[in-house]
Amino acid sequence: MAAEEKQQGWAPKEQAGEKEPCVLLGQQLGEAGRFAYAALCGISLAWLFPEKEQSSFRMEFMETFVRWLELPDAVLPAMTAFASGLGGEGTESFAEILLEDPILKENPVVITQDLLFFSLKDGYYDARARVLICHITWLLRIPLQELEVLEESLLESLKEQKEEESETAEVARKKKERRRKLKRYLLIGLATVGGGTVIGLTGGLAAPLVAAGAATILGTAGAAALGSTAGIAVLASLFGAAGAGLTGYKMKKRVGAIEEFEFLPLTEGKQLHLTIAVTGWLCTGKYGSFTAPWSSMVQSKEQYCLAWESKYLMELGNALDSLLNGLVNMMAQEALKFTVLSGIVTALAWPASLLTAASVIDNPWGVCLHRSAEVGKHLAHILLTRQQGKRPVTLIGFSLGARVIYFCLQEMAQEKDSQGIIEDVVLLGAPVEGEAKHWKALRKVVSGRIINGYCRGDWLLRFVYRTSSVQINVAGLQPVDLDDRRMVNMDLSSVVSGHLDYMKQMDTILKAVGIKTKECCLEEKGSASLLSPPATTSQQAAGSEPRQEEHTLPDEAGGE
């Protein structure tokens, strides 16, 4: 048992007074190994987050990390130099030195585990830290699935510690917490006190937000030595008020022009990172619910779908259907294929029959265009107030759902504490500006990837923008030329023949952009995923500048 605990990086409970097991790992690594380990993290931080506004994050991370590994203070100037962008050419050498350490030869996954423990020590899982862990894991040729397993194992351990709390202590704690709950909920900004509490308790991640302080959260005695109070504090911090997370939030009254805003769970589980999907429209029949397009998605064990303005989205979806299924579609289809694909579409090029029927779609589209921007701004404030807890969030949406996300990110970028919340974003057929200057602000907010899935032949999206300036660039129709390692453009033209395909072909699209689905979950080992770093080791070692990626859809969805 002791050997197993040592291998997993957990300290026995009787060693509660000793330092965390991750520091023990640092002691076990040779001095060269620890130096290479810290250097690799510093160089990677500088490459992943080179922006000036990320400087304090890089420096604070490295200063704390040097202490975590018990490296001498004398190495700190070198590490801060690496984190400032120097020494990138040494990436491969440092990786080799680290992998040659006897500890890693037996089990290199301990590095991923160590970084995970370090990132969670204050009860706050920063999205930038998770992107760094994924990158280091990839540099050391460790399968990314190992990180998922470690995250699940750590979460289970914390939950078990919570369950071990004695009945007497639990009653006493609940009594005390009940007296403080009004103040606590006001501070946290919960949408509902009663609803959040009930959901939190039934979800098993419940109850208190213990003001235990960062030092007691996974930091002083390590994950396995946590007492029940500290374990609950970690869960409360990571998973949001009362453990309810996003399921605890439902808009009780109108916010500005918004009439409906609610999170619907797509899965039952909990995880250290979560995914929020945003549907672009609704229509009668199979796709009459917000959750329908996302039935195959398994990007996280904790997934939500945003339900918003269903009345207007249903009107839009029915308008789209009537437009495409009527005589207009039959008369215009061939002409549109020619004019759109040849790139000569102007207001005069649209067939008269289609323009006559334009009123069917123009009004509901205009209404939803405006409301999606407002919903996006509201979503930004929900995420900024950490309703989801202190965990990385991935956002994915299509059509007007992608527009919701775009405006959410733009709103977040204007706030001070917006960094480290969003891990990845996937925008599919986005009806938003496609010029790079409008996307620059997103770099401040998104830690991982910004994926723009587009289709050049999406005539419907082009049609609804026909009254705009002829020069307008629409992200859902073309790549966004943003010079940043985060930016990934995916040409989905071989899958998406028209705008409605974003809903109908969602399973194939998800696999194409690297989002896990039920079908490919077991076959994913070794294939590219959303979290795969966007450059090779040799590119980074050579100090190459971060560049945006552009992909065309492979013959088989899901591979590159």
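This text follows the structure it describes.
Predicted model, so just to flag it, every value in this text is computed and none were measured.

## So, the overall build of the protein chain
Item 1. The helix and strand tally for the protein chain stands at 24 helices and eight strands.
Item 2. Within the protein chain, the proportion of its 560 residues that are buried is 57%.
Item 3. Of the contacts made within the protein chain by residues no fewer than 6 positions apart, 81% connect residues no fewer than 24 positions apart.
Item 4. Accessible surface for the protein chain amounts to roughly 23,000 Å². Of this, 53% is attributable to carbon and sulfur atoms.

## Things to note about the nonpolar core
Item 1. Leu383, Leu395, Ile422 and Trp439 are the most contacted members of the largest nonpolar core, which has 93 residues in total.
Item 2. The element that contributes the greatest number of residues to this core is helix α17 (residues 359-384), accounting for eleven residues.
Item 3. Residue contacts for tryptophan 439: discarding those within four places in its chain leaves Tyr406, Leu427, Val432, Glu433, Gly434, Ile450, Asn452, Ala475, Val480, Leu482 and Met487.
Item 4. Counting residues in each nonpolar core, the second largest holds 56 residues, with Leu69, Phe94, Ile133 and Leu155 among its members.

## Considerations on the packing of aromatic side chains
Ring pairs (aromatic) are described by centroid distance and by the angle formed between their planes.
Item 1. Enumeration according to the criterion identifies 14 aromatic pairs in this entry.
Item 2. Aromatic pair phenylalanine 82 and phenylalanine 94: ring centres 5.5 Å apart, planes at 75°, arrangement edge-to-face. Linking phenylalanine 82 in helix α5 (residues 76-83) with phenylalanine 94 in helix α6 (residues 91-100), this pair joins segments that are twelve residues apart in sequence. Residues phenylalanine 82 and phenylalanine 94 agree in their burial class; the two are buried.
Item 3. Taken together through their ring pairs, the aromatic side chains of Tyr37, Phe49, Phe57, Phe61, Phe65, Trp68 and Phe118 make up a single cluster.
Item 4. Above the ring of tyrosine 312, the side-chain terminus of arginine 371 is found at 4.0 Å from the ring centroid.
Item 5. Directly above the aromatic system of phenylalanine 49 lies the positively charged group of arginine 485, at a separation of 5.3 Å from the ring centroid.

## Re the pattern of salt bridges
Item 1. For the structure shown, the criterion picks out 17 salt bridges.
Item 2. Between arginine 486 and glutamate 51 there is a salt bridge whose closest N-O contact spans 2.8 Å. Here glutamate 51 lies in the loop between α3 (31-48) and α4 (55-68) and arginine 486 lies in the loop between α21 (459-464) and β7 (487-491), a separation of 435 residues in the sequence. Across the pair, exposure class does not vary: arginine 486 and glutamate 51 are buried alike.
Item 3. With a shortest N-O distance of 3.8 Å, lysine 437 and glutamate 435 are connected by a salt bridge.
Item 4. Of the residues examined, glutamate 435 reaches a relative accessible area of 33% and is grouped as partly exposed.

## Considering the environment of phenylalanine 117
Item 1. Within the secondary structure, phenylalanine 117 sits in helix α8 (residues 109-120).
Item 2. Taking the C-alpha atoms as reference, phenylalanine 117 lies 9.8 Å from leucine 150; in sequence the two are 33 residues apart.

## Description of the environment of glutamate 268
Item 1. Mapped onto the secondary structure, glutamate 268 falls in the loop between β1 (261-265) and β2 (274-278).
Item 2. Take glutamate 268: its relative accessible area is 78%, and that puts it in the exposed class.
Item 3. Measuring from C-alpha to C-alpha, the distance between glutamate 268 and glutamate 302 comes to 6.7 Å, with 34 residues separating the pair along the chain.

## Thoughts on the pairing of strand β6 (residues 450-454)
Item 1. The element β6 is extensively covered by neighbouring structure, given that five of its five residues are classed as buried.
Item 2. Side chains Ile450, Asn452 and Tyr454 of β6 all project onto a buried face; the interleaved residues Ile451 and Gly453 project onto the opposite face, where all are buried too.
Item 3. Across four bridges, the pairing between strand β5 (residues 422-428) and β6 is parallel. Bridging from a neighbouring strand, leucine 428 pairs with glycine 453 of β6.

## Some thoughts on α6
Item 1. Within the sequence span of α6, burial applies to Thr91, Phe94, Ala95, Leu98 and Leu99. One side of α6 holds all its buried residues, which, seen down the axis, span an arc of 130°.

## Digging into the packing of α3 against α4
Item 1. Across the interface, α3 lies against α4 with an axial gap of 10 Å and an inter-helix angle of 175°. Classified by the interaxial angle, the pair formed by α3 and α4 is roughly antiparallel. Together, Tyr37, Ala38, Cys41, Gly42, Leu45 and Ala46 of α3 and Phe57, Arg58, Phe61, Met62 and Phe65 of α4 make up the contact between the two elements.

## Some remarks on the side chain of serine 399
Item 1. Mapped onto the elements of the fold, serine 399 is located in the loop between β4 (393-398) and α18 (400-413).
Item 2. Accessibility expressed as a relative area gives 0% for serine 399, which makes it buried.
Item 3. Not counting the four nearest positions on each side in its chain, serine 399 is found in contact with Gly280, Trp281, Trp365, Leu428, Gly429, Ala430, Pro431 and His499.

## Digging into the pairing of β7
Item 1. The buried count for β7 comes to five of five residues, which makes it a mostly enclosed element.
Item 2. Residues Met487, Asn489 and Asp491 line one face of β7 and the alternating positions Val488 and Met490 line the opposite face, and both faces are buried.
Item 3. Bridging between β6 and β7 involves five bridges; their strand directions are parallel. Residue pairing in the sheet places glycine 453 in a bridge with methionine 490 of β7.

## Focus: unusual backbone geometry
Item 1. Not every positive phi belongs to a glycine, and glutamate 70 is a case in point at roughly 55°.
Item 2. Tracing the sequence through the fold places glutamate 70 in the loop between α4 and α5.
Item 3. With a phi close to 55°, serine 399 is a non-glycine residue in the positive phi region.

Rules used in this analysis
- Residues numbered from 1 in each chain as written.
- Predicted model: local features only at pLDDT ≥ 70, side-chain atom pairs only at ≥ 80, totals over all residues.
- Heavy atoms only, no water.
- Helix = DSSP H or I, 4+ residues; strand = E, 2+ residues; numbered from the N terminus.
- Buried < 20%, exposed > 50% of the residue type's maximum accessible area, 1.4 Å probe, protein only.
- Contact = heavy atoms within 4.5 Å.
- Areas by Shrake-Rupley, 256 points an atom, 1.4 Å probe, with all protein chains shown as cover.
- Core = buried A, V, L, I, M, F, W, Y, C linked by side-chain atoms within 4.5 Å.
- Phe/Tyr/Trp six-rings, centres within 6.5 Å; stacked < 30°, edge-to-face > 60°.
- Lys NZ or Arg CZ within 6 Å of the ring centre and 35° of its normal.
- Salt bridge = Lys/Arg side-chain N within 4 Å of Asp/Glu carboxyl O.
- Pairing = 2+ DSSP bridges.
- Arc of directions from axis to C-beta.
- Axes fitted to C-alpha atoms, helices over the stretch in contact; angles between N-to-C directions.
- Parallel < 35°, antiparallel > 145°, perpendicular 65-115°, else oblique.

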